[in-house]
Amino acid sequence: MLKQVKQRLSRLLGGSKPQKLVRRDIPRDEHSVSRSAISDPAKKVLHRLNKAGFEAYLVGGGVRDILLGGQPKDFDVATSATPEEVHALFRNSRLIGRRFRIVHVLFGREVIEVTTFRGNATDTTDDSASDQRKTSEHGLLLRDNVYGSMEEDALRRDFTINALYYCIRDFTVIDFAGGVEDLNNRQLRLIGDPETRYREDPVRMLRAIRFAAKLDFSIETGTEAPIRELAPLLTHIPAARLFDEVLKLFSAGHGEATYELLRSYDLLAPLFPETARALDAGEPDELIRQALRNTDARIRQGKSVTPYFLFAAMLWPALQVEWRRRQDQGEPIQPALHQAIAKVIGRQIQATSIPKRFSGPMKEIWELQMRLPRRQGKRALTTMEHPRFRAAYDFLLVRESAGELEPGLGGWWTDFQACDDRGRERLLSQLSASGPKPRRRRRKPGNRNA
Ligand code: ATP
Ligand code: MG
């Protein structure tokens, strides 16, 4: 309680001033980062930069996840070398980015992301610096290519737990923002004034949710407070970047927890506006939860998840509303579905892009939902040869376990796939003229979607 009051007071008194950082060096015997947990490519990059006379540290998720006893997804390096200097040192590297210029050093499938220490241009009167760091009228950072010291770099990072640096020369962990304490308290805290930091880059709100779900951390009160109000700022973020963020949110193995958090912080609406509207109007979201639960289980088993399956599930409630609306206006079921699909995708790509290689298969999953009940004659075999059959069948199972359909059809398809020709003939001959009926909706009588 006292701590919260103190936090509030400190925010009121000086929250928007740049945070004063106190450097703390933690020697090798007082932390759990060991060289063996760091990939060879990451070590190679650190050593070569050091040898060439530059400062270089492992930073971000690489240090954070090792300290938490986990396996980092990738390794990020921060250095005093400029992107051009890094590029010159590694033949297997490429310069990328405009908003942030960074270097990717490629080792087979592993990519080490190397960033130059970023400076804080708002503290300087240097014209060339402010030219390199631009903000929009909403406080959004458009460009941030001012280079600086390691301390300044720490200040520009998002969460305290992401601003821990590991030095491979003396094996110390360097903590500027109290990240180790926050790691121990299992909480996410933005560095600096939260509102300013979210305005600079609204994606930080999504990152807060992603890390909270992935690490099972709480979000510190001050860091959490502005999120609901600032959530709409995400609509200013380019659709392609939001598409990438959505994939990161739902493919880290904690999709269901992430979804809960997104909903409770009003962050679903900027990502999936039509879905959020459908849910607010009472459309059930059990299918989304069930799909995310399955996705999480798949990831735990080391299987891949496809973006089109994920998007097919996330947009399903929106599709249902639009499909039903069209049928209620008298459109026949099939054309109503096609029109609804086009409409829902058309609206979604205003929020997050959906590359064509994913929107095509997503449409097919949806369309196949109408074909799966129709199995007579040669239909079942033809449907099974469809390149998207497997995904559509999985989707059907999800619909059944979400309680949207009476169980039966999914099991029939499971058997049909497992059978030989004679078994298949038997299954087909047992088919009654009518397929399984959809469960009646609680709110809307006469649902005609099968
Ligand atoms: P993971 O790779 O496990 O998703 P990470 O923390 O390494 O987590 P990255 O996206 O790889 O995340 O970014 C590396 C580091 O760069 C972060 O730890 C953080 O310090 C900094 N960073 C990334 N995105 C932002 C951002 N939007 N604002 C401020 N700092 C950021
Ligand atoms: Mg990373």
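Worth saying up front: this structure is predicted, and the values here are computed from it rather than measured.

About the cut-offs
Residues numbered from 1 in each chain as written. Chains lettered and ligands numbered in written order. Predicted model: local features only at pLDDT ≥ 70, side-chain atom pairs only at ≥ 80, totals over all residues. Heavy atoms only, no water. Near = heavy atom within 4 Å. Polar contact = N/O pair within 3.5 Å; in protein donor to acceptor, adjacent residues only side chain to side chain. Helix = DSSP H or I, 4+ residues; strand = E, 2+ residues; numbered from the N terminus. Nonpolar A, V, L, I, M, F, W, Y, C, P; charged D, E, K, R; others polar. Donors = N, O, S within 2.8 Å, 3.2 Å for Na, K, Ca; no water. Buried < 20%, exposed > 50% of the residue type's maximum accessible area, 1.4 Å probe, protein only. UniProt positions renumbered as here; feature names shortened; annotations may be inferred. 1 Å grid on protein atoms, 1.4 Å probe; cavity = no way out; pocket = protein on both sides within 12 Å on 5 of 7 lines; lining within 4 Å. Pairing = 2+ DSSP bridges. Core = buried A, V, L, I, M, F, W, Y, C linked by side-chain atoms within 4.5 Å. Domains from an automatic or database assignment. Contact = heavy atoms within 4.5 Å. Salt bridge = Lys/Arg side-chain N within 4 Å of Asp/Glu carboxyl O. Axes fitted to C-alpha atoms, helices over the stretch in contact; angles between N-to-C directions. Phe/Tyr/Trp six-rings, centres within 6.5 Å; stacked < 30°, edge-to-face > 60°.

**Concerning the site of ligand 1**
Around ligand 1, the surrounding shell holds 16 residues, and the nearest of these are G61, R64, D201, R204 and R210. Contact between ligand 1 and N162: an oxygen atom at 3.1 Å from a main-chain N or O atom of the residue. At the level of secondary structure, the elements contributing two or more residues to the shell around ligand 1 comprise helix 3 (61–67) and helix 9 (203–215). No other element matches helix 9, which puts five residues into the shell around ligand 1. In terms of residue class, the shell around ligand 1 is built from one nonpolar, three polar and twelve charged.

**As for the coordination of the magnesium ion (ligand 2)**
Those donors, D74 (OD) and D76 (OD), are the protein atoms that reach the magnesium ion (ligand 2), and they lie 2.2 to 2.4 Å from it. For D74, a relative accessible area of 29% gives the class partly exposed. Of the residues examined, D76 reaches a relative accessible area of 18% and is grouped as buried.

**Some remarks on the UniProt feature "active site" (unreviewed entry) in the protein chain**
Mapped onto the present numbering, the UniProt feature "active site" (unreviewed entry) falls at D74, D76 and D158. The subset of the named residues that lines the largest pocket consists of D74, D76 and D158. The topology assignment puts D74 in the loop between helix 3 and strand 3 (76–79). Within the structure, D74 has its side chain in polar contact with the side chain of K73 (distance 3.1 Å).

**Side note on the pairing of strand 3**
Two faces, one strand: in a regular strand the side chains alternate between the faces of the sheet. What you see with strand 3 is no split at all: D76 and A78 on one side and V77 and T79 on the other are buried throughout. The pairing of strand 2 (residues 56–59) with strand 3 spans four bridges and is classified as antiparallel. Paired with Y57 across the strands is A78, a residue of strand 3. For strand 3 and strand 6 (residues 110–116), the ladder comprises four bridges, and the chain directions are parallel. By the bridge assignment, D76 is partnered in strand 6 with E113.

**Some words on the nonpolar core**
In terms of nonpolar packing, the biggest core is built from 97 residues, with L49, F250, L267 and W366 touching the most fellow members. Take this core: its biggest share by element is eight residues, from helix 9. Looking at this core, you find at least three residues from each of domain 1 (2–191) and domain 2 (319–432). Those residues in contact with F250 that sit more than four places away from it in its chain are G255, T258, Y259, L262, F272, L292, T295, I299, L310 and M314.

**Brief notes about the pattern of salt bridges**
Side chains that differ in sign of charge can pair as their charged atoms come close. Enumeration according to the criterion identifies 32 salt bridges in this entry. Residues K43 and D40 are paired through a salt bridge, measuring 3.8 Å at the closest nitrogen-oxygen approach. Residue K43 and its partner D40 are located together in helix 2 (residues 40–51), separated by three residues, close to a single helical turn. Ionic pairing is found between R204 and E200, a salt bridge with its closest N-O pair at 2.8 Å. According to the relative accessible area criterion, E200 is buried, its value standing at 10%. Via salt bridges that share partners, E274, R277, E322, R325, R326, E331 and R347 belong to a single interconnected network.

**Things to note about the sheet that holds strand 1 (residues 24–26)**
Reading across from one edge, 1-10-9-2-3-6-5-4 is the order of the eight strands in this open sheet, with mixed pairing throughout. The outermost strands of the open sheet, each flanked by one partner alone, are strand 1 and strand 4 (93–96). Averaged over all pairs of adjacent strands, the angle between strand axes in this sheet comes to 30°, irrespective of strand direction.

**Here's the deal with the environment of T115**
Within the element layout of this structure, T115 appears in strand 6. Sequence-wise, T115 and V77 are 38 residues apart; in three dimensions their C-alpha atoms are separated by 6.3 Å. Apart from residues no more than four positions distant in its own chain, T115 is found in contact with V77, A78, T79, I102 and R157.

**Considerations on the packing of aromatic side chains**
Enumeration according to the criterion identifies 14 aromatic pairs in this entry. With a centroid separation of 5.9 Å and 25° between ring planes, the pair formed by F243 and F358 is classed as stacked. One end of the pair, F243, is in helix 12 (residues 239–250); the other, F358, is in helix 20 (residues 356–371), and 115 residues separate them in sequence. A relative accessible area of 14% means that F358 is categorised as buried.

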